[in-house]
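Letter by letter, the chains look like this.
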Amino acid sequence: MAKYIKKKSHKVGLPPGTLKTVSDKTRKVKLEVINYNQDFLHEKTVNNPYDCRPDNFVNSIAWINIDGIHDVKLIQEIGEYYNLHPLLMEDISSPGQRPKLDDYDDYIFTVLNMLQYDEKKREVKAEQISFVLGENYVLSFQEDPTDIFNPNRERIRGGKGKTRKSGPDYLMYSLIDTIVDNYYIILEKIGDQIEELENKIITNPGPNWLKDIYSLKRELIGLRKTVWPLRELISKLERDEHKFIKPETQVFYKDVYDHTIQVIDTIESFRDILSGLLDVYLSQTSNKMNSIMKILTVISTIFIPLTFITGIYGMNFHNMPELRWENGYYMVLALCGFIFVAMIVFFKTKKWL
Amino acid sequence: MAKYIKKKSHKVGLPPGTLKTVSDKTRKVKLEVINYNQDFLHEKTVNNPYDCRPDNFVNSIAWINIDGIHDVKLIQEIGEYYNLHPLLMEDISSPGQRPKLDDYDDYIFTVLNMLQYDEKKREVKAEQISFVLGENYVLSFQEDPTDIFNPNRERIRGGKGKTRKSGPDYLMYSLIDTIVDNYYIILEKIGDQIEELENKIITNPGPNWLKDIYSLKRELIGLRKTVWPLRELISKLERDEHKFIKPETQVFYKDVYDHTIQVIDTIESFRDILSGLLDVYLSQTSNKMNSIMKILTVISTIFIPLTFITGIYGMNFHNMPELRWENGYYMVLALCGFIFVAMIVFFKTKKWL
Amino acid sequence: MAKYIKKKSHKVGLPPGTLKTVSDKTRKVKLEVINYNQDFLHEKTVNNPYDCRPDNFVNSIAWINIDGIHDVKLIQEIGEYYNLHPLLMEDISSPGQRPKLDDYDDYIFTVLNMLQYDEKKREVKAEQISFVLGENYVLSFQEDPTDIFNPNRERIRGGKGKTRKSGPDYLMYSLIDTIVDNYYIILEKIGDQIEELENKIITNPGPNWLKDIYSLKRELIGLRKTVWPLRELISKLERDEHKFIKPETQVFYKDVYDHTIQVIDTIESFRDILSGLLDVYLSQTSNKMNSIMKILTVISTIFIPLTFITGIYGMNFHNMPELRWENGYYMVLALCGFIFVAMIVFFKTKKWL
Amino acid sequence: MAKYIKKKSHKVGLPPGTLKTVSDKTRKVKLEVINYNQDFLHEKTVNNPYDCRPDNFVNSIAWINIDGIHDVKLIQEIGEYYNLHPLLMEDISSPGQRPKLDDYDDYIFTVLNMLQYDEKKREVKAEQISFVLGENYVLSFQEDPTDIFNPNRERIRGGKGKTRKSGPDYLMYSLIDTIVDNYYIILEKIGDQIEELENKIITNPGPNWLKDIYSLKRELIGLRKTVWPLRELISKLERDEHKFIKPETQVFYKDVYDHTIQVIDTIESFRDILSGLLDVYLSQTSNKMNSIMKILTVISTIFIPLTFITGIYGMNFHNMPELRWENGYYMVLALCGFIFVAMIVFFKTKKWL
Amino acid sequence: MAKYIKKKSHKVGLPPGTLKTVSDKTRKVKLEVINYNQDFLHEKTVNNPYDCRPDNFVNSIAWINIDGIHDVKLIQEIGEYYNLHPLLMEDISSPGQRPKLDDYDDYIFTVLNMLQYDEKKREVKAEQISFVLGENYVLSFQEDPTDIFNPNRERIRGGKGKTRKSGPDYLMYSLIDTIVDNYYIILEKIGDQIEELENKIITNPGPNWLKDIYSLKRELIGLRKTVWPLRELISKLERDEHKFIKPETQVFYKDVYDHTIQVIDTIESFRDILSGLLDVYLSQTSNKMNSIMKILTVISTIFIPLTFITGIYGMNFHNMPELRWENGYYMVLALCGFIFVAMIVFFKTKKWL
């Protein structure tokens, strides 16, 4: 059942706030530190969480990206340096959280889902990503290393663009923006599949399209479950006052918010379209049934009476005068021919042929 | 998949606020400047954005209409003269935005969709139009030149009406009013198609109406996606306090608002009517099936037993006394006749004939 | 398409606030003036709007009823005497407005729909009626003269009742109350039709009831579109503070409000009931199909095997010993009889007979 | 149409606030007065409204129960003693009001529906009951005498319980609580019917269950229309400040509120369950059709080809060598047997048998 | 009908606040007292409510767990010691309450449902649990002893974790957290069943899956009825100010709140998925019907005309020249063969074979 809800049950019974390895992975965790301000940029990959302590990054901005949330001890150590709340650390290391924002005194905590489209399985995969935004740092936690932030890295390296000149609030915005932009790709893939399906169903109503409709529907149900809380989350970032988000950055969050709304609108439209497609599909099936029945009915209603007539003259009564008529046989043939033509005409007027 | 969502994915990876050519068009951009106040009116088409600088229009109102949002450099240049926010300029030049209103300090920015009905393809086409309303100017951006503002131009030229006497807030109102009025035309077209379909379905349930229902439904889904955010947008214009919208103009925005609500009501009613039509269609199909089955059943149940009787007397047993009866043949014919009539009577009482 | 949306498109392109003749009628407009206070009552029908000027009615209450909103010039003239806003006058003379309330400084403007049931066509007809409530007057505008306000007139003439003692706010209340009471009549008619249909469908599932369900559904969609905004309108009258509505009158508006809510409740219930009726209808159709299929199946499965048996003994092989048996024929008849009875028993146990 | 909406139309045309006999009953009205405080209790049935004047009950609490709202004159007289608003009196004597609460200066007015289950007709019947709660009295108005308040009477007589010690606000609470408790009985009855239906449908899908589903659905639609406004009403009693309801009594109203919510939850669940049952029913019907078709198909596809074979050897051609073969007949029989078995095996593999 | 609503009707007629034995159980009630602070821990099982008096637990925290709410006298006695409101005590001892929170002056009262999955019956069972949170105590009431709080007991005993260091508000949080965590287990079970059903339906559309869909749907309806009010309840704990809940504990309640929302999301998704599964199931059934019809039609339309041909040459006319042709028989066989092949080809092109 891992498809629907992330296994949470095996944590039942543990005190709240307990970190427990959820992933079975034993891969080495990757700690990537990007430390910059307008003037300099240091990029390194470290092994020891000790190198990520906040006091390394005075007067500059640090983006610490942790790939591998299964290493509970490491998360705990980082948590101690940054004074993270136990519940927060529990959320970071338990995938399957609902997207949400928690505003603590010293930082803002957000959990999101990063979506990726698996071309082979034609499936959407979600990975949880958590951000902690502090005075001069952004921590990002996820399980698997991903490439989708490469453009963000490039922009920081390039030194152009607003990121280098702005604070960590802008950095977090640009990361979330990248994630939400990725949702568009997913939607396009799904949109392509819907269009493909539409063509298939309209040209050739095969028996299998329904399963495709169903699996697309299920994918949209999943997406929806991810995007609705995201909307709420970003709305909080955009509207409420936060200690670490400058008003001039909020206009950017508003932009992401608009994108999220558009994603939601599109999901809802897709659902509507799918339900319309379902109607088309069902009606095609029923039309096909109709045309099958028509053929059966036409053939049966023409030949069953004719067969009855031949049956009559196949009887063996001694006294059947017609049998001795010179043209009896031809008259019966003519009668059959007449009935045949009459039936055809009847069906033509009924528009069945 | 361009039908459902505007290609946005190819912009993924660019820094936010980056302008990128979305349209492939290389057509020359048209810059149309209408500069007026109560006393004078200057109309010209210019090539150089430099001629659109705000300081050309002191003590008068300027409406600058830019056809061709693909010319990013030009948009940028205008953006600089008018001090436009980068995100705003990105929105202007990326079609497919969700209708929205952003209130900046120096101007109000709105994005809308202009709808046009393509008579040939029987399809609704949307084009994005953006307005920037400043202290004494309105900038309007769209891709293709359009005629729908001609009446507005005429009214300005005529010098009568309120436009010449009022500020740019009234000018923007009258442009939006024109756009929303155009929605009524679309709705009427769709309404006509629904009525046509209704007649077709009730008089002759063919197999293809469902596709028509489906495509109308999809059109309404699209419309809805456009009009709901529009409602929100205009509601903000009408209700909130804006630096550049005078209270006496807001009563006009309230009027557009009422129209938008009416458009939404009509869309929702159309959806309801379509779903009712779908029921009628499906039930027609199923009634047709019923009548096919009835004919098959009537013919089969009459003639199958009769054929059995002839089969009996077609057997070749040596000892079959009936065969030698003088009137055996006529009695069988009479029996068949009787069964035939009895069946007909039976079906009559069942009201199948 | 006039059934769904009132033609509004031909006004597209006119400056907002332009009055244009919408109706093609050239009928003479009827101006009916009822001027009263607690002590006197003047009733007259005038031709000249000049006689309706507000300064005729100092220290008394005037109800001016204008039948014929197509006479734009006349409306304009009255509008000037009463200082009506151009947008308001546009609304008065363009039927098909959404019910709404606009609160101007010098008067309250409301647009409503008056419903009437056309017994012949079994259709609900809507007519727009607008009220302008000022300090000491009520203006009412509609196209066709109507009788439904006769009881109100009688009550004013009678001098009893609250109307003569109260202000124009009470007068407008009593007019709106009359209109809303009329909605009950419509609902009763529709309710009667639903009940009739219910009986028809349950006793005899004919093919045509679906069209009746559909047309009732469409009528309810139309009603709903009219009543929902009405609710909002009256809620504003009842709750908000208005210059011309006394608090002691608001309790009466609250009463109309309750009635409107009840109308809405009933409409929603009717929609639910109709959708239940649709299920019953569809299921009836499908049950009928089932019973047709049963008969076909019973007859076919009994006689097709029997016919096969007779076919066997109708073959012309030279060496068929059974044919020479003395009782062969009778044994075959007995076999057929046995199969027949066995099949009947089988179908009885299956409860098909 | 009395089933859906109470006849209100015949009152159209009367001035608002006019009392008119709605019921046709001429039964004598019963006036029951229970006057008590902590120390004494007087119970009597009076004929003359004069004996119900409020000044009879100084320093004590009076519950006056009027059975028979058709006696308009009497209602009017009581109304005068208690200074009741004309609209309120109109509501009392017109059954079919929407449950509501009106807060006047001198009293609180509530209208509710009392539900009773008619075991014979298996129908829910509603009766309107109105309460007027004043400083030291509760008036209750309904048409037919009812027993459901007997326990309340007993408790007052018993002198134990909170009623005798508390004010009229507690008395009204205990009456409303009795009414809402009665709703549970109705729900149980409906729940029993649903369960019964469920068993019937699952064990034996007969053609009539749909009508039962439909009538249950209609009953729930009716209940819902009654209970939703009740929720609002009680919520006002529980939350708002009222002159005559003490804060310590409001906790009791909160309890009734919780019950009302639970009633609503249950109604909504029942609706969901019914719609699920409908799906089961429809699918059963369609499965039955499938099994009928299977039998028809199995029999037909087995015997129609066999009959063809016998037909071949029933032909009368002079030159048919097989006919003269010694074992021709047996070979044909064997062929038929083989085809028969092959078909059976084919259907077995298709899982149709 | 006990499945849908808990029997409440037999309490109708009792004064509100009356405790009455609802359960028929006569089992001895278990009183379990856990008294602790940071320094000590006393655990005992007592028989006499007297040992549970609050003055036993000064300067420490007490968790008193009462298993057996049917012992009304005992509940009453405890209620007196802790000064519980009569309505509250009524709620405690009447199972079937809607989850809710009541904030009294001296304590907070909450009612919840504890869910357990009965593996055998594949059914969800609910048990009511009530908490009373006072200054230094938590009372928990339920009918049957349960193991699910064992981990909480262990944690208190262990002395590690936050519980020992925190107040009763944290204790109640940890109990509610345990209950909500248990909901995940239920959801997983249901999720497993849905997935199982999905596989069954897609691979083999048998006639019984619908009942499974229906019973899952009913289970979700029940869950929903339990979880929606729970959400409200916890939201109040998390957001409002309560005398006995410290702000630093509220962050924990917020965590439970997030879990509740996630439970709701999952329930809604399951409902959507089930309705999709229903569509798949119905369409499978209808596809199966289609394939049955196809076979019937193919066989019938091939052999019925052929049988007619053999019927012709089985007639006994004296003058039928073909019968005397040398190759007449073979020509008929060839004709039949040709028709057979032509039909097969026809059905191939129709894609029916």
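What counts and how
- Residues numbered from 1 in each chain as written.
- Chains lettered and ligands numbered in written order.
- Predicted model: local features only at pLDDT ≥ 70, side-chain atom pairs only at ≥ 80, totals over all residues.
- Heavy atoms only, no water.
- Least-squares fit on C-alpha atoms with pLDDT ≥ 70 in both.
- Contact = heavy atoms within 4.5 Å.
- Helix = DSSP H or I, 4+ residues; strand = E, 2+ residues; numbered from the N terminus.
- Buried < 20%, exposed > 50% of the residue type's maximum accessible area, 1.4 Å probe, protein only.
- Buried area = accessible area lost by both parts, 1.4 Å probe.
- Salt bridge = Lys/Arg side-chain N within 4 Å of Asp/Glu carboxyl O.
- Polar contact = N/O pair within 3.5 Å; in protein donor to acceptor, adjacent residues only side chain to side chain.
- Pairing = 2+ DSSP bridges.
- Patch = residues over 30% accessible without salt bridge, like charges linked within 9 Å, V, L, I, M, F, W, Y side chains within 5 Å.
- Areas by Shrake-Rupley, 256 points an atom, 1.4 Å probe, with all protein chains shown as cover.
- Axes fitted to C-alpha atoms, helices over the stretch in contact; angles between N-to-C directions.
- Parallel < 35°, antiparallel > 145°, perpendicular 65-115°, else oblique.
- Nonpolar A, V, L, I, M, F, W, Y, C, P; charged D, E, K, R; others polar.
- Phe/Tyr/Trp six-rings, centres within 6.5 Å; stacked < 30°, edge-to-face > 60°.
- Lys NZ or Arg CZ within 6 Å of the ring centre and 35° of its normal.
- Lys, Arg positive; Asp, Glu negative; His and termini not counted.
- Charge placed at Lys NZ, Arg CZ, Asp CG, Glu CD.
- pLDDT = per-residue confidence, 0-100.

### A few points about the relation of the copies chain A and chain B
Item 1. Its rotation angle being 72 degrees, the transformation that places chain A on chain B also includes 0.0 Å of axial translation and leaves an RMSD of 0.1 Å. The superposition operator between the copies reduces to a five-fold rotation axis. Residues of chain A ranked by C-alpha distance from the rotation axis are headed by G314 of chain A, positioned 4.5 Å from it.
Item 2. Taken as a fraction of all interface residues of chain A, those also at the interface in chain B reach only 16%, which identifies the copy contact as different-surface.

### Focus: the environment of G328 of chain A
Item 1. Residue placement: G328 of chain A occurs in helix α8 (residues 328-349).
Item 2. A relative accessible area of 3% places G328 of chain A in the buried class.
Item 3. Residues G328 of chain A and Y313 of chain A, 15 residues apart in the sequence, show an inter-C-alpha distance of 9.7 Å.
Item 4. If sequence neighbours within four positions are ignored, G328 of chain A has contacts with E322 of chain A together with F317 of chain E.

### Things to note about the interface of chain A and chain B
Item 1. Contact residues are listed per partner, giving 68 residues for chain A and 62 residues for chain B.
Item 2. Here chain A meets chain B over a buried area of about 5,900 Å², counting both sides, of which 66% is carbon and sulfur.
Item 3. Looking at the side of chain A facing chain B, the largest losses of area belong to E188, F308 and F317 of chain A, adding up to 12% of the total buried there.
Item 4. At the surface where chain A touches chain B, the tally comes to 7 salt bridges.

### Some thoughts on the interface of chain D and chain C
Item 1. On the side of chain C, 68 residues touch chain D, which itself brings 62 residues to the contact.
Item 2. On the surface where chain D and chain C come into contact, there are 7 salt bridges.
Item 3. One salt bridge in this structure joins R98 of chain D and D265 of chain C, with 2.7 Å as the shortest N-O distance.
Item 4. Seen at the junction of chain D and chain C, the total is 16 residue pairs in polar contact (both at pLDDT 80 or more).
Item 5. Those elements that provide at least two residues to the side of chain D that touches chain C are α2 (86-93), β4 (100-103), α5 (209-239), α6 (247-312), α7 (321-324) and α8 (328-349) of chain D.
Item 6. Per-element accounting of the side of chain D that touches chain C gives the leading share, 18 residues, to α6 of chain D.

### Considerations on the pairing of strand β3 (residues 61-67) of chain C
Residues and elements named next belong to chain C.
Item 1. Most of β3 sits out of view: 7 of its 7 residues are buried.
Item 2. Alternating positions in β3 separate into two faces, I61, W63, N65 and D67 on one and A62, I64 and I66 on the other, with burial throughout.
Item 3. Looking at chain direction, strand β1 (residues 30-36) and β3 are connected through 7 bridges and run antiparallel. If you follow K30 over to β3, its bridge partner there is D67.
Item 4. Examined bridge by bridge, β3 and strand β7 (residues 137-142) share 6 bridges and lie parallel to one another. In the sheet register, I64 faces β7, and the bridge partner there is L139.

### Comments concerning a nonpolar patch on the surface
Item 1. Side chains of F340, V341 and V345 of chain A sit close together on the surface and give an oily, nonpolar patch of about 250 Å² of accessible area.
Item 2. You can see F340 of chain A is positioned in helix α8.

### Some details on the relation of the copies chain D and chain C
Item 1. Of the transformation superimposing chain D on chain C, the axial component is 0.0 Å and the angular component is 72 degrees, with the fit at an RMSD of 0.1 Å.
Item 2. Comparing interface residues between copies, only 18% of those in chain D also sit at the interface in chain C, which points to a heterologous contact through distinct surfaces.

### Side note on the packing of helix α5 (residues 209-239) of chain A against helix α6 (residues 247-313) of chain E
Think of two packed helices as two axes; the pair is described by the angle between the axes and how far apart they sit.
Item 1. Axis separation between α5 of chain A and α6 of chain E bottoms out at 10 Å; the angle between their running directions is 175 degrees. Here α5 of chain A lies roughly antiparallel to α6 of chain E, going by the angle between them. Of the residues in α6 of chain E, those in contact with L210, K211, Y214, K217, R218, I221, R224 and K225 of chain A of α5 of chain A are D265, T266, S269, D272, I273, S275, G276, L277, D279, V280, S283 and Q284 of chain E.
Item 2. In the contact of α5 of chain A with α6 of chain E, the residues fall into 6 nonpolar, 6 polar and 8 charged.

### Here's the deal with the sheet that holds strand β1 (residues 30-36) of chain D
Sheet strands associate in pairs through backbone hydrogen bonding, adopting either a parallel or an antiparallel arrangement.
Residues and elements named next belong to chain D.
Item 1. Spatially, 7 strands are ordered β2-β1-β3-β7-β6-β5-β4 in an open sheet, and the strand pairing comes out mixed. At either margin of the open sheet sits one strand with a lone partner, and together these are β2 (41-46) and β4. Between one strand and the next, the sheet's axes are offset by a mean angle of 20 degrees, whatever the strand orientation.
Item 2. Note that strand β6 (residues 123-133) and strand β7 (residues 137-142) share 4 bridges and pair antiparallel. Following the sheet pairing, S130 is matched in β7 by F141.

### Regarding the packing of aromatic side chains
Item 1. The tally for this structure, following the rule as stated, stands at 70 aromatic pairs over all chains.
Item 2. Considering the side-chain rings of Y104 of chain D and Y107 of chain D, the 5.3 Å spacing of their centres and the 45 degrees angle between planes classify their relative orientation as tilted. Judged on exposure class, the residue Y104 of chain D and its partner Y107 of chain D are both buried.
Item 3. One aromatic cluster is present, formed by Y170, Y173, F252 and Y253 of chain A through successive ring pairs.
Item 4. Across the ring face of Y170 of chain E, the terminal group of K162 of chain E is positioned such that the distance to the ring centre comes to 5.5 Å.

### A look at the arrangement of the chains
Item 1. The two partners chain A and chain C share no contact, and the minimum distance between any of their C-alpha atoms is 9 Å.
Item 2. Taking C-alpha atoms only, the smallest gap left between chain B and chain D, which are not in contact, amounts to 9 Å.

### Considerations on a negative patch on the surface
Item 1. Side chains of D103, D105, D106, D240 and E241 of chain A sit close together on the surface and give a patch of like negative charge.
Item 2. In this structure, D103 of chain A sits in strand β4 (residues 100-103).

### A short note on the confidence of the model for chain A
Item 1. When pLDDT is averaged across chain A, the result is 85; 91% of the residues are at 70 or more.
Item 2. Interface confidence in the predicted complex, given as ipTM, is 0.78; pTM for the same model is 0.83.

### Examining the sheet that holds strand β1 (residues 30-36) of chain A
All names here are of chain A.
Item 1. Strand order in the open sheet formed by 7 strands is β2-β1-β3-β7-β6-β5-β4, with mixed pairing between adjacent strands. Because the sheet does not close on itself, it has two edges, and the strands there are β2 (41-46) and β4. Averaged over all pairs of adjacent strands, the angle between strand axes in this sheet comes to 20 degrees, irrespective of strand direction.

### Re the side chain of E322 of chain A
Item 1. One can find E322 of chain A in helix α7 (residues 321-324).
Item 2. Despite its burial, E322 of chain A pairs with no opposite charge; the closest candidate is R324 of chain A, at 7.4 Å N-O.
Item 3. Setting aside residues no more than four positions away along its own chain, E322 of chain A makes contact with Y313 and G328 of chain A, Y329 of chain B together with F317 of chain E.

### Side note on the pattern of salt bridges
Item 1. Applying the stated criterion across every chain yields a total of 90 salt bridges over all chains.
Item 2. Here K254 of chain A and D258 of chain A are joined by a salt bridge, their closest N and O atoms 3.2 Å apart. One end of the pair is K254 of chain A and the other is D258 of chain A, both in helix α6 (residues 247-312) and 4 residues apart, which spans about a single turn.
Item 3. Note on D258 of chain A: relative accessible area 12%, which makes it buried.
Item 4. We note a salt bridge from E198 of chain B to R218 of chain C, for which the minimum N-O separation is 2.4 Å. One end of the pair, E198 of chain B, is in helix α4 (residues 168-203); the other, R218 of chain C, is in helix α5 (residues 209-239), on a second chain. In this structure, E198 of chain B and R218 of chain C share a single accessibility class: buried.

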